[in-house]
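Residues per chain, in single letters:
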Amino acid sequence: MKDMIKNLLAEAQAYNGLEAIQSLIEDGQSLSAIPMQPLYVASRALDSSNMSALLPRLTPEQRNVFLDIDLWKRDDLDPDRFDYWLEAYHQCEVDEIKQEFINSSEFYLFLKARFNVWTFDVEDPNYPDHDYYFLTDDSLLLFEYSEDYEQVHEAKALIRELYAQKGVEHAYTYLFKLVSDSYSSLEEIEYKEKKERLRDYGFVDYYDALEYESPFPNLSMLDGFVRKKEAATGSLDPFHENQNVSYQAIAPYAEGTNDLAAELNKVEDEKRARFLNFNFIRLINASLALQDGIKEGGMAVNRVGHRTRNILALGHEWVKSQKDWGEQGVFSVFEFTDLYKVGLTLISVEQRKIKKALRETGFDNDDKFLGTYWGDFLDESFLDIPKFYRPYFPSEELKTLESWQGWSTHIETFSQMAPFAAKFGETFKALVKAGQLVDDYYLNYKVDEIDLEAILLTSFANHRLGHFKAGMPQRMGLTIDEFKSFVHPFSNAEGEIALSDELLKAVKEFLENFGMDQIHGMDSYLAYLVQNHLDGYDYNGLAFEEFKHVGGPILLNRQTQ
């Protein structure tokens, strides 16, 4: 399957915007050959007047799909969005297209949703006690609407068109059902029908898309899925093969997908290749359905495509690492949707570990005490496009096995460290509650600014200075002289702090004393805090007041003991 993604990109580029699409088709010709999703995305920016001009160039099926996509929020009809289409069809100059619209089940549902419809007796008239209503031309039905509804003129005109087309008797019979029909039943029937129509174009319904976004509960089940997976290739007709996605959705695949492309190129069976192509399109559309991205414009579509690309790449790399898949490669067995579910599981399982650690230690509602390092790590771990935050390197999106493994290791450190952080937090809160910690005591912190990082560094400094020996006074903070004595052995003349053997040895001794030496990565974390908070200061040249701006250990509001 040579360069599937590259080919999809090239084709999508040709459909990037309505002008580009129209340049492919002679003026006035039908747009029937254009894939549905790019065509919809390109036309999304049109106002109702320009959409009215476009309608005659669409096939009846395309016009119907536009309504299927645009008029629904999950399984509910969206009457507010319907107003746009009411204006577009009202302005359309082709009678057959107007008639197609007013005979549609969507228009019928719209009337049911937007208006209260009553039978009306001219001989014994019963009018509402307001002016927000109109009668049909035969004066047999009364349509009541809300005072803020603005498309009354268009609705009346299309109802009048319905009478002209069907004749008074048939139009009345058709509209009379609005009085008695159940809206919820009609909506459910129409929802099921539109769902099936969209399936043929590669679109995925919101509730079906939830299955794509449903990870395995644990890595054991994931491993079992990968070991037992067998290839399944569905049949497609040429109609399916003509589908594509908008350029914004597939643009993220322009870079960083060489490994995927290499595996796809191993697929030699044409039927399998065509099936994978359509499966890829459905995966992208499923992701868009869950985020409602297709209606939000190019940037939202691109963001969803970016996220999907990352998860897919991670899943592919993990599956590929499990065994030698031979000359046929990973795609001889797995589909894009399978690989996406693998990548999603890898991320989801680790995120659940974080949530469990937060929940069990009481930090799930407020993690401010954990400090900047873990705060940034947690925030970026739960971004829409998750990232691995780590010291000394830029944050890295979770799209490779290497980044995921590093992230997973940090999560293990956090999970093991969190109970100790909770104990520090409990002790700190108890001291605050007892009134033993007061803002005036400290130089570089207010009490409510003190966090885990400050407490750890203060405790480390006190341990290094021998303040935990029997008989020594226990206090939360260091004098300036004590602080200088603590930092001096680790810094050079320029105030730079290196990860020296002396620093690492001191960190190890402290962690052993506090029972934290078994936490994987805790030594690296504490050494980083020392370097990050204390590096770069000429402490001997600082005046007393300037120490207010120094972070790290908590400093007492006095020069010496």
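Below: a short report on this structure. What you are looking at is a predicted structure, and each value in this text was computed from that prediction instead of being measured. (Residues numbered from 1 in each chain as written. Predicted model: local features only at pLDDT ≥ 70, side-chain atom pairs only at ≥ 80, totals over all residues. Heavy atoms only, no water.)

A few words on the nonpolar core. If you look at the biggest cluster of nonpolar residues, it comprises 113 residues, and the most contacted ones within it are Phe414 and Leu456. Sequence-distant contacts of phenylalanine 414, defined by excluding residues within four places in its chain, comprise Ile354, Ala357, Leu358, Leu370, Trp374 and Leu378. Core analysis: the second largest hydrophobic core is formed by 59 residues, Tyr15, Val117, Phe143 and Tyr149 among them. (Core = buried A, V, L, I, M, F, W, Y, C linked by side-chain atoms within 4.5 Å. Buried < 20%, exposed > 50% of the residue type's maximum accessible area, 1.4 Å probe, protein only. Contact = heavy atoms within 4.5 Å.)

For the rest of this paragraph, the subject is the side chain of glutamate 187. Summarising the element assignment, glutamate 187 is placed in helix H11 (residues 183-199). No salt bridge is formed by the buried glutamate 187. Its closest oppositely charged neighbour is lysine 194, at 10 Å. In contact with glutamate 187, other than residues within four places in its own chain, are Trp72, Asp75, Asp76, Leu77 and Leu109. (Helix = DSSP H or I, 4+ residues; strand = E, 2+ residues; numbered from the N terminus. Lys, Arg positive; Asp, Glu negative; His and termini not counted. Salt bridge = Lys/Arg side-chain N within 4 Å of Asp/Glu carboxyl O.)

For the rest of this paragraph, the subject is empty space enclosed by the protein. Taken as a whole and assessed by the stated rule, the structure comprises three cavities of 30 Å³ or more. Of the voids in this model, the largest cavity is the one considered here, and its volume is about 60 Å³. What lines the largest cavity is Phe134, Leu135, Thr136, Asp137, Lys156, Ile159, Arg160 and Tyr163. If you list the elements that add at least two residues to the lining of the largest cavity, you get strand E4 (133-135) and helix H9 (152-166). Looking at the lining of the largest cavity element by element, the count peaks at four residues for H9. Counted by class, the lining of the largest cavity contains four nonpolar, one polar and three charged residues. (1 Å grid on protein atoms, 1.4 Å probe; cavity = no way out; pocket = protein on both sides within 12 Å on 5 of 7 lines; lining within 4 Å. Points joined across faces, edges and corners; volume = space filled by probe spheres on them. Nonpolar A, V, L, I, M, F, W, Y, C, P; charged D, E, K, R; others polar.)

Burial along strand E5 (residues 141-144) is two-sided: the residues Leu141 and Phe143 and Leu142 and Glu144 are all buried. As paired elements, strand E3 (residues 116-119) and E5 share four bridges and run antiparallel to each other. Looking across to E5, one finds that tryptophan 118 is bridged to leucine 142. Two strands pair when backbone bridges link them, and E4 and E5 are joined in this way by three bridges, in the antiparallel orientation. Note that in E5 the partner of tyrosine 133 across the bridge is glutamate 144. Taking the residues that link successive antiparallel strands as the turn, the E4-E5 hairpin has five residues, and the phi of serine 139 there is positive, at about 55 degrees. (Pairing = 2+ DSSP bridges.)

Here we come to the packing of helix H6 (residues 79-91) against helix H7 (residues 95-102). How two helices sit against one another is set out by the angle between their axes and by the gap between those axes. For the pair H6 and H7, interaxial distance at closest approach is 9 Å and the crossing angle is 150 degrees. Taken together, the axis directions place H6 and H7 in an arrangement best described as roughly antiparallel. From H6, Phe82, Trp85, Leu86, Tyr89 and His90 reach across to H7, where they touch Ile97, Lys98, Glu100 and Phe101. Among the residues making up the contact of H6 with H7, the classes are represented as six nonpolar, one polar and two charged. (Axes fitted to C-alpha atoms, helices over the stretch in contact; angles between N-to-C directions. Parallel < 35°, antiparallel > 145°, perpendicular 65-115°, else oblique.)

This part takes up a negative patch on the surface. Residues Asp439, Asp440, Asp448 and Glu449 make up a contiguous surface patch of negative charge. By secondary structure assignment, the location of glutamate 449 is in the loop between helix H21 (401-433) and helix H22 (452-464). Residue glutamate 449 is classed as partly exposed on the basis of its relative accessible area of 43%. (Patch = residues over 30% accessible without salt bridge, like charges linked within 9 Å, V, L, I, M, F, W, Y side chains within 5 Å. Areas by Shrake-Rupley, 256 points an atom, 1.4 Å probe, with all protein chains shown as cover. Charge placed at Lys NZ, Arg CZ, Asp CG, Glu CD.)

A few words on the packing of helix H13 (residues 219-228) against helix H19 (residues 336-361). At a closest axis distance of 10 Å, the pairing of H13 and H19 adopts a crossing angle of 165 degrees. Considering their axes alone, H13 and H19 lie roughly antiparallel with respect to each other. In terms of crossing hand, the pair formed by H13 and H19 is left-handed. On the side of H13, the interface is formed by Leu219, Leu222, Phe225 and Val226, while H19 contributes Asp338, Val342, Thr345, Leu346 and Val349. Residues of the contact of H13 with H19, tallied by class, amount to seven nonpolar, one polar and one charged. (Left-handed = near helix turned anticlockwise from the far one by under 90°.)

Bringing the side chain of asparagine 310 into the picture now. Structurally, asparagine 310 is set in helix H18 (residues 298-322). Engagement of the side chain of asparagine 310 in a polar contact is seen with the side chain of arginine 309, the distance being 2.8 Å. Apart from residues no more than four positions distant in its own chain, asparagine 310 is found in contact with Ile385, Glu397, Leu398 and Lys399. (Polar contact = N/O pair within 3.5 Å; in protein donor to acceptor, adjacent residues only side chain to side chain.)

Attention now moves to H6. End to end, H6 covers 19 Å across 13 residues, agreeing with the expected 18 Å (1.5 Å per residue, within 8%). Considered for burial, the residues of H6 that qualify are Phe82, Asp83, Tyr84, Trp85, Leu86, Ala88 and Tyr89. On its buried face, H6 is in contact with helix H4 (48-54), helix H5 (60-70), H7, helix H8 (105-114) and H9. (Expected span 1.5 Å × (residues − 1).)

Let us now look at the sheet that holds E4. Ordered by their spatial adjacency, three strands build an open sheet running E3-E5-E4, and the pairing between neighbours is antiparallel. The sheet is open, and its two edges are formed by E3 and E4, each paired on a single side. Across this sheet, the average inter-strand angle for adjacent strands is 20 degrees, counted without regard to direction.

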